[in-house]
Amino acid sequence: MAITDWPEDQRPRERLIRQGAAALSDAELLAVFLRVGVAGKSAVDLAREMLQRFGSLDALFGASLPKFSAINGLGPAKYAQLQAVLELARRALGEQLEDGALLNSTQAVGQYLKLLFKNKGHECFIVLFLDVRNRLISTEEMFRGTLSQASVYPREVVKAALARNAAAVILAHNHPSGDPRPSQADVELTAMLKQALGLVEVQVLDHFVVAGTRTHSFAEHGQM
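### Points about the packing of helix α8 (residues 154-163) against helix α9 (residues 184-198)
Consideration 1: Packing of α8 against α9 brings their axes to within 9 Å, and their N-to-C directions diverge by 40°. Taken together, the axes of α8 and α9 are oblique relative to one another. The crossing of α8 and α9 is right-handed. Two secondary-structure elements touch here, α8 through Pro-154, Val-157, Val-158 and Ala-161 and α9 through Met-192, Leu-193, Ala-196 and Leu-197.
Consideration 2: When the residues that make up the contact of α8 with α9 are grouped by side-chain class, the tally is 8 nonpolar, no polar and no charged.

As structure tokens, this is what we get:
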């Protein structure tokens, strides 16, 4: 049965408008995004198939175009739309960070970083440069490595911080392996960067390890 044949108070779009997006299930939200289903399947049915196929929203959002298009009814147009939604979310969070409103929230910064690292199959090191009011100046990918390690040079991070007149930084790197727990090398690198940046009076507020949908905050775990 097509969604247009449903009672109006049960249709996802109408419910979203009336009750807010948080009231909808994952499948219903995807159905609003899809707008229409395929022959024999409503948009909600198609959304449920997508979630079943990929196992989670995160896996769906990180799917390659060939895997995404393997489901009947999906293709390059929907894939492009979904990637555009993700990029808009990244930019919206970035704008809030620029205003300084969210930098005191570990959860908010972690959410922003998860979006930044999404779809990166290699390990990379990102630095958030902040001004004296903890507003975001810029977000830069400083180093890129293999799946197992990344070479990070403290001198380059210090130079970048000085060039941007940063008063503080938040460090972040990803673990493509899926385990957010920091290694001993991560702990040693954090200490080394904190010492190097401290010499030029740039504070290291936190270091995040991002692994898929999970993050590890050094500050939150008393490791700073």
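Don't stop here, the text continues.
### Details of α8
Consideration 1: Within the span of α8, buried status applies to Pro-154, Val-157, Val-158, Ala-160 and Ala-161. Along α8, the residues classed as buried sweep out an arc of 165° about the axis, all on the same side. For α8, the exposed residues set more than 90 degrees away from the buried face come down to Arg-155 and Ala-163.

### What to know about the environment of Gly-94
Consideration 1: Its location among the elements puts Gly-94 in helix α6 (residues 76-98).
Consideration 2: Between the alpha carbons of Gly-94 and Leu-30 there is a distance of 24 Å; along the sequence they are 64 residues apart.
Consideration 3: Once residues within four sequence positions are removed from consideration, Gly-94 is found in contact with Tyr-112 and Leu-136.

### Focus: the packing of aromatic side chains
Consideration 1: Counted according to the given criterion, the structure contains 3 aromatic pairs.
Consideration 2: Aromatic side chains Phe-68 and Tyr-79 sit 5.6 Å apart centroid to centroid with 65° between the ring planes, which places their arrangement in the edge-to-face category. On the criterion of sequence distance, the pair formed by Phe-68 in helix α5 (residues 65-69) and Tyr-79 in helix α6 is long-range, its members being 11 residues apart.
Consideration 3: Geometrically, the ring pair formed by Phe-125 and Phe-143 is tilted, given 6.2 Å between the ring centres and 50° between the ring planes. Taken together, the positions of Phe-125 in strand β1 (residues 124-130) and Phe-143 in strand β2 (residues 136-144) put the pair 18 residues apart, joining distant regions of the chain.
Consideration 4: Classification of Phe-125 as buried rests on a relative accessible area of 1%.
Consideration 5: Within the aromatic cluster, the residues linked to one another by ring pairs are Phe-125, Phe-143 and Tyr-153.
Consideration 6: A cation over a ring is seen here: Lys-78 above Phe-33, with NZ or CZ 5.5 Å from the ring centre.

### What about the pattern of salt bridges?
Consideration 1: Evaluated as defined, the whole model comprises 11 salt bridges.
Consideration 2: A salt bridge links Glu-141 to Arg-144; the nearest nitrogen and oxygen atoms lie 2.9 Å apart.
Consideration 3: Glu-141 gets classed as partly exposed once you look at its relative accessible area, which sits at 33%.
Consideration 4: Between Arg-181 and Asp-179 there is a salt bridge, with its nearest N and O atoms 2.8 Å apart.

About the thresholds
Residues numbered from 1 in each chain as written. Predicted model: local features only at pLDDT ≥ 70, side-chain atom pairs only at ≥ 80, totals over all residues. Heavy atoms only, no water. Axes fitted to C-alpha atoms, helices over the stretch in contact; angles between N-to-C directions. Helix = DSSP H or I, 4+ residues; strand = E, 2+ residues; numbered from the N terminus. Parallel < 35°, antiparallel > 145°, perpendicular 65-115°, else oblique. Left-handed = near helix turned anticlockwise from the far one by under 90°. Contact = heavy atoms within 4.5 Å. Nonpolar A, V, L, I, M, F, W, Y, C, P; charged D, E, K, R; others polar. Buried < 20%, exposed > 50% of the residue type's maximum accessible area, 1.4 Å probe, protein only. Arc of directions from axis to C-beta. Phe/Tyr/Trp six-rings, centres within 6.5 Å; stacked < 30°, edge-to-face > 60°. Lys NZ or Arg CZ within 6 Å of the ring centre and 35° of its normal. Salt bridge = Lys/Arg side-chain N within 4 Å of Asp/Glu carboxyl O.

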